[in-house]
Amino acid sequence: MSLASLEWGRAAAGGRKRRGFGGFVVDMPLLLILFAVVGLGMIVLYSAVSAESGLLLRQAMRFGVGLAAFFVAAQIPPHYLRIFTPWLYFLGVGLLLVVAVEGEIGKGAQRWLDLGFVRFQPSELLKLAVPMMCAWFMHERRLPPTFPQLMVMGLIVLTPAILIGEQPDLGTALLVAAAGGLTILLAGISVRVMLVFGTLGLGTLPVLWSLMHDYQKARVFTFLNPETDPLGTGYNIIQSKIAIGSGGLFGKGWLMGSQAHLEFLPERSTDFIFAVMAEEFGLMGLCLLLVLYLALVGRGLYIAASAQDTFSRLLAGALSLTFFVYVFVNAGMVSGLLPIVGVPLPLVSAGGTSMVTIMTGFGMLASIHGHRKLLAA
Amino acid sequence: MVAGSSRQFKDPWQEQRLFLSRVIAAGIIVVLLSGVLVTRLVQLQIWNYERFSELSQGNRYRIDPVPPTRGIIYDRNMVVIAENRPNWELVAVGEQINNLDRTLRSLEDLGLVDPSEHDTLRNLVRSHRGFERVKLSNLSEEQAATFAVRRHLFSGVDIQEALARYYPFGEMSAFTVGYVGSISETDLQRIDRSNYAGTSHIGKTGIERAYEDRLHGQVGYRQLVVNAQGRVLENADMGNDDFQSKAPLPGENLVLSIDMKLQIAAHEALGDVRGAVVAIDPRSGDVLAIASTPSFDPNRFAAGMSRRDFVALNTDPDKPLFNRALAGTYPPGSTVKPFIALTALQHESVTPDHEIYCPGEWRLPGQTHRYREGRGGVHGRVDLHHAIVRSCDVYFYQLAVAMGIEYLSGGLTAFGFGAPTGLDIAGEQSGIVPSPEWKKKNFSRREDQVWFPGETVITGIGQGYMLVTPLQLASAGATLAARGTRFKPRLLIGSASGATGETTYLEPVALPTIDDHSAEDWQLVSDAMVGVTSEQGGTARSNMIGAEYSVAGKTGTAQVIGIAQDQKYREEDIDERQRDHGLFVAFAPADAPRIALGIVVENGGGGSRAAAPVARKVLDAFFASQDYTAYVAGEP
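Reading guide: rules and limits
- Residues numbered from 1 in each chain as written.
- Chains lettered and ligands numbered in written order.
- Predicted model: local features only at pLDDT ≥ 70, side-chain atom pairs only at ≥ 80, totals over all residues.
- Helix = DSSP H or I, 4+ residues; strand = E, 2+ residues; numbered from the N terminus.
- Buried ≥ 20, exposed ≤ 12 C-beta atoms within 10 Å, placed from the backbone.
- Core = buried A, V, L, I, M, F, W, Y, C linked by C-beta atoms within 7 Å.
- Contact = placed C-beta atoms within 7 Å.
- Axes fitted to C-alpha atoms, helices over the stretch in contact; angles between N-to-C directions.
- Parallel < 35°, antiparallel > 145°, perpendicular 65-115°, else oblique.
- Left-handed = near helix turned anticlockwise from the far one by under 90°.
- Pairing = 2+ DSSP bridges.
- Nonpolar A, V, L, I, M, F, W, Y, C, P; charged D, E, K, R; others polar.
- pLDDT = per-residue confidence, 0-100.

S.K.: Lay out the overall build of chain A with the relevant residues and their values.
M.R.: The secondary structure content of chain A amounts to 14 helices and two strands. Out of the 377 residues in chain A, the part that is buried amounts to 51%.

S.K.: So what's going on with the nonpolar core? Residues and values would help.
M.R.: All names here are of chain B. Counting residues in hydrophobic clusters, the biggest one holds 129 residues, and the most contacted among them are Val277, Ala279, Leu597 and Val618. Examining the composition of this core, we find that nine residues originate from one element, helix H22 (residues 607–623), more than from any other. Beyond its immediate sequence surroundings of up to four residues, Val277 is in contact with Ala266, Ala269, Leu270, Ala289, Ala291, Leu597, Ile599, Val614 and Val618.

S.K.: Give me the lowdown on the packing of helix H6 (residues 147–165) of chain A against helix H7 (residues 170–186) of chain A, citing residues and values where you can.
M.R.: The axes of two packed helices give the description: the angle between them and the distance between them. All names here are of chain A. Close contact between H6 and H7 brings their axes to 8 Å; oriented N to C, the two are set at 170 degrees. One way to sum up the angle between H6 and H7 is to call them roughly antiparallel. The chirality of how H6 crosses H7 is right-handed. When H6 is examined against H7, the residues Leu150, Met153, Ile156, Val157, Pro160, Ala161, Ile164 and Gly165 are found in contact with a partner set consisting of Leu170, Thr172, Ala173, Val176, Ala177, Gly180, Gly181 and Ile184.

S.K.: Describe the sheet that holds strand E11 (residues 275–280) of chain B, naming the residues involved and giving the relevant values.
M.R.: Residues and elements named next belong to chain B. Across the sheet, which stays open at both edges, the five strands sit in the order E12-E11-E23-E22-E21 with antiparallel pairing between neighbours. Strands with a single pairing partner mark the edges of an open sheet, and in this sheet they are strand E12 (287–293) and strand E21 (552–558). The average undirected angle you get between the axes of adjacent strands in this sheet is 5 degrees. Contacting E11, E21, strand E22 (581–588) and strand E23 (595–601), H22 crosses the sheet at an angle of about 35 degrees to E22.

S.K.: Can you break down the packing of helix H5 (residues 122–139) of chain A against helix H13 (residues 310–334) of chain A residue by residue, with the values?
M.R.: Residues and elements named next belong to chain A. Between H5 and H13, the shortest axis-to-axis distance is 8 Å and the interhelical angle comes to 155 degrees. Between H5 and H13, the angle is such that the two are roughly antiparallel. Here H5 runs over H13; the crossing is right-handed. Facing Pro131, Met132, Cys134, Ala135, Trp136, Met138 and His139 of H5, the residues of H13 in contact are Thr310, Phe311, Leu314, Leu315, Ala318, Leu319 and Thr322. Of the residues in the contact of H5 with H13, the class split is 11 nonpolar, three polar and no charged.

S.K.: Describe the environment of Gly251(A), naming the residues involved and giving the relevant values.
M.R.: Residues and elements named next belong to chain A. By the secondary structure assignment, Gly251 is in the loop between helix H10 (233–247) and helix H11 (258–261). Along the backbone, Gly251 and Met284 are 33 residues apart, and their C-alpha atoms lie at a distance of 8.0 Å. Setting aside its immediate chain neighbours within four residues, Gly251 contacts Glu279, Glu280, Phe281, Gly282 and Gly285.

S.K.: If you had to explain unusual backbone geometry to someone new, which residues and values would you point to?
M.R.: Residue and element names in this part refer to chain B. Between Thr293 and Pro294 the backbone carries a cis peptide bond, its omega angle lying at -5 degrees. The topology assignment puts Pro294 in the loop between E12 and helix H10 (298–303). Along the chain, Ala588 connects to Pro589 via a cis peptide bond; the corresponding omega equals -15 degrees. Mapped onto the secondary structure, Pro589 falls in the loop between E22 and E23. Phi angles above zero are rare outside glycine, and Met78 is one such case at about 65 degrees. Structurally, the position occupied by Met78 is in the loop between strand E2 (73–74) and strand E3 (80–93). Phi at Glu348 is positive, roughly 65 degrees, even though this residue is not glycine. One can find Glu348 in the loop between helix H13 (337–347) and strand E13 (356–358).

S.K.: Explain the pairing of E22(B) residue by residue, including any values.
M.R.: Residues and elements named next belong to chain B. Counting buried residues in E22 gives eight out of eight residues, a clear majority hidden from the surface. Pairing analysis gives seven bridges linking E21 to E22, with the strands arranged antiparallel. Paired with Gly556 across the strands is Leu583, a residue of E22. For E22 and E23, the ladder comprises seven bridges, and the chain directions are antiparallel. Bridge pairing in E23 links Val585 to Gly598.

S.K.: Outline the pairing of strand E18 (residues 492–496) of chain B, listing residues and values.
M.R.: Residues and elements named next belong to chain B. As judged from the four bridges shared by strand E10 (residues 253–256) and E18, these two strands associate in the antiparallel manner. Bridge pairing links Val255 to Gly494 in E18. Here E18 pairs with strand E19 (residues 503–505) via three bridges, running antiparallel. From the neighbouring strand, Ala496 faces E19, where its bridge partner is Thr503.

S.K.: I'd like a description of the confidence of the model for chain B, backed by residues and values.
M.R.: All names here are of chain B. Put simply, chain B has an average pLDDT of 85, and 89% of its residues get 70 or more. In this model, residues 235–241 is a region of pLDDT below 50 whose contacts with residues beyond four sequence positions or in other chains number five contacts. Under a pLDDT of 50 for its full length, residues 626–636 has, in the predicted model, 21 contacts with residues more than four places off or in other chains. Model confidence for the complex is summarised by a pTM of 0.64, with the ipTM given as 0.87.

Written out as structure tokens, the structure is:
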């Protein structure tokens with residue numbers, strides 16, 4: 001009884017915050033690890049941009065904005081998040097349509113929405129809104145989801161994912177689909193259903209293939225056979241493998257990476273920064289980074305496990321696992337395990353919008369944990 | 001409990017257990033995937049460390065693009081019109097130069113480097129790694145010699161050979177072959193960048209642009225071994241599983257329909273007037289010549305010209321960059337009469353022996369405006385044949401009114417007027433075939449959209465709104481010559497393999513035939529056009545006296561300014577640029593045509609005086625022979 005009332009008690013909205021920092025919700029473990037990752041990232045970035053302080057300063061400013069987003073998100077109680085979820089989701093899909101229409105007019109890739117004072121990438125919004133929407137949908141329903149409910153969630157996930165894939169931005173489309181898919185998995189579909197869908201998914205691959213843009217197909221070909229494009233992405237993969245491999249166990253030392261500093265390595269400050277770190281800090285450095293990332297994921301899963309309602313659980317779990325997907329996809333593509341899909345290394349790669357998105361996501365985790373109602377017993 | 005549908009019942013305990021099990025499963029998968037990642041890193045960084053370390057710290061790969069050789073362009077007789085010539089380049093190697101500023105200044109004093117680019121070049125050299133060769137300028141043979149004798153004074157400066165595009169016929173080929181120029185930001189949007197790695201130039205206009213894909217070829221690459229500073233040590237085949245070298249695939253050699261002999265004759269026949277000549281083979285649509293004067297030397301674009309030179313060329317009042325043959329639109333004047341005659345015969349608004357009396361002017365029934373004979377004079381009694389031979393306007397005023405504008409414009413459209421011909425290079429204008437519908441579409445004010453009967457009258461003699469390009473005129477002339485069989489005008493007729501020298505030719509592209517005129521009608525119009533150049537009173541008779549071939553032709557005069565009702569056109573009163581344009585449409589030999597011509601001479605003062613003489617020279621060259629190799633464009 002007490003647990004049931006706990007879960008549904010609207011009283012929780014006004015309930016006293018359990019953890020706090022002068023009344024504010026701040027998840028200290030989360031925040032500390034975030035600082036550690038970003039700090040480590042800045043050290044690597046400093047080397048990657050050849051000590052150009054302007055770029056470094058901009059990255060620091062982005063982190064500042066990200067921190068602000070973290071704090072704001074952390075103060076919003078989960079049930080408010082839940083109420084706003086459909087609005088946020090449909091706003092995001094609407095903006096994607098606007099961008100698609102504008103792109104149609106302007107010809108070519110269109111990912112940005114120019115609001116006059118700031119340029120904004122609607123697909124970033126969907127990285128959060130899609131798992132939120134799935135969690136919202138299952139919140140008042142019984143778990144595990146029924147088949148029709150799965151269909152609805154499939155629609156919730158695939159609509160924005162296809163719109164983003166058509167922009168064309170395959171990397172983000174996959175991440176959005178992964179975020180939604182993980183929410184659905186966490187909602188508890190049975191292993192049998194998973195297998196059925198997996199088979200169906202494989203069946204749709206040819207359809208997906210036909211929908212892909214030529215350059216996206218080229219990336220897949222290049223991944224399977226780097227020699228076909230030695231002047232383009234194939235070259236990138238080879239050079240980044242050389243950078244990683246030559247780092248060895250302890251690395252060549254900070255600012256000593258010859259692959260990076262002699263400009264053999266492409267996109268050093270963004271998608272390929274993992275290789276810079278590998279070259280200069282070696283396997284030990286990478287393991288440290290990986291441990292920090294895993295700590296973030298672990299903390300997130302812990303928050304999910306101790307969350308008290310379906311929405312919070314699903315959202316916390318999905319955000320944590322999606323974060324891991326970011327890390328795995330980036331590290332995988334840079335080390336030649338996965339095709340190059342243009343996914344930055346979270347919190348480390350230079351770049352503004354994804355930093356803010358990720359920090360907002362962690363803010364939501366902090367909120368979910370900080371707004372738990374105290375157990376009566 | 002407030003949540004859930006009535007038939008479902010939430011069980012928080014069971015749900016939490018389910019969720020927990022999922023989280024634990026997810027955690028295990030995360031750990032497993034991390035394991036995969038670490039294993040991969042161990043594989044790269046521990047097991048293969050030796051190999052990658054060697055690649056990285058000792059020698060390493062660098063992949064250098066090897067640009068393909070651009071295809072050669074030939075005329076129909078395999079005369080080269082665009083080729084790649086060795087060219088001298090001045091290069092600097094930064095690390096071997098003691099004082100870059102002083103070195104550059106000395107080179108400027110010798111006239112080898114442009115002083116206005118001093119800062120640009122200095123920054124260019126400094127932004128490259130010390131051992132890299134940086135191009136400073138193109139050198140002529142003479143400049144190369146100047147430098148060669150002083151080479152010992154310039155440590156770190158050298159000359160090297162490179163291939164550059166060269167157009168041996170210079171301005172003669174500017175409007176067909178076009179030219180290449182440095183790749184611009186806009187060009188980058190439409191090309192595959194990796195295929196252009198190592199390529200500096202790209203087709204900008206004409207054939208060079210239209211067939212860029214085929215002319216360019218496929219980039220190759222070679223693997224270089226460079227040391228830790230990136231200096232190239234030697235060409236080497238590493239013999240491992242990474243990259244091998246690949247030879248570039250040269251661009252295709254293209255064969256054009258152009259006959260350079262005729263092209264030169266056309267260009268020289270125009271001389272220093274502003275005008276255009278287009279010659280087409282009516283049997284295939286092959287464009288034998290496209291001349292537009294004044295022209296420009298495309299080699300200046302290929303070599304790169306200064307901004308000032310370009311602006312001078314671009315703002316020249318004679319518009320040398322303007323391709324009059326494709327983009328110049330002119331009122332056709334009386335050259336339109338053969339086409340109108342055919343349309344009228346088909347409409348049966350006239351019979352071949354229908355005679356009228358031409359008093360030198362004509363009024364629409366019930367109106368006071370007098371439509372005069374353009375060239376003045378009184379033709380007296382004329383039938384259709386003589387109306388064409390002597391270019392009687394009054395006869396055609398009446399034909400146009402009898403047919404009505406709708407039928408008339410339909411007949412002209414069938415010959416390809418009013419739409420691009422579809423030539424395989426860009427830049428064609430559509431021209432205009434006016435009709436009430438056209439007027440409605442192209443005028444915004446309601447009172448301007450009304451079609452007036454008087455506009456039908458003047459369309460009958462090719463004045464008013466009607467506009468044609470010289471290319472359209474030649475193409476329509478070819479259709480007359482072939483009696484309704486139509487081909488799409490084309491420049492590309494084949495490609496030549498670089499290896500075997502074998503040429504493969506393309507089939508002509510047929511267009512819908514005009515088959516609604518009787519053989520007698522075609523014959524009548526052809527005979528009348530032969531009369532123009534041979535009979536007493538024919539408007540081009542004097543121009544064709546002594547020709548050894550029979551010519552079917554029609555002169556035309558296009559007014560540039562309107563002449564008031566009571567005034568006469570007096571050339572001496574009129575500014576040169578407002579004088580009449582002269583036009584001529586022709587085909588020859590009349591009984592088995594092998595060439596059709598469309599000619600415009602701007603402000604030349606009438607078809608028989610300005611355009612027909614040009615036709616005579618071009619046709620003489622076509623039927624005789626002329627040594628084209630004697631002509632060589634200004635030395636590069």
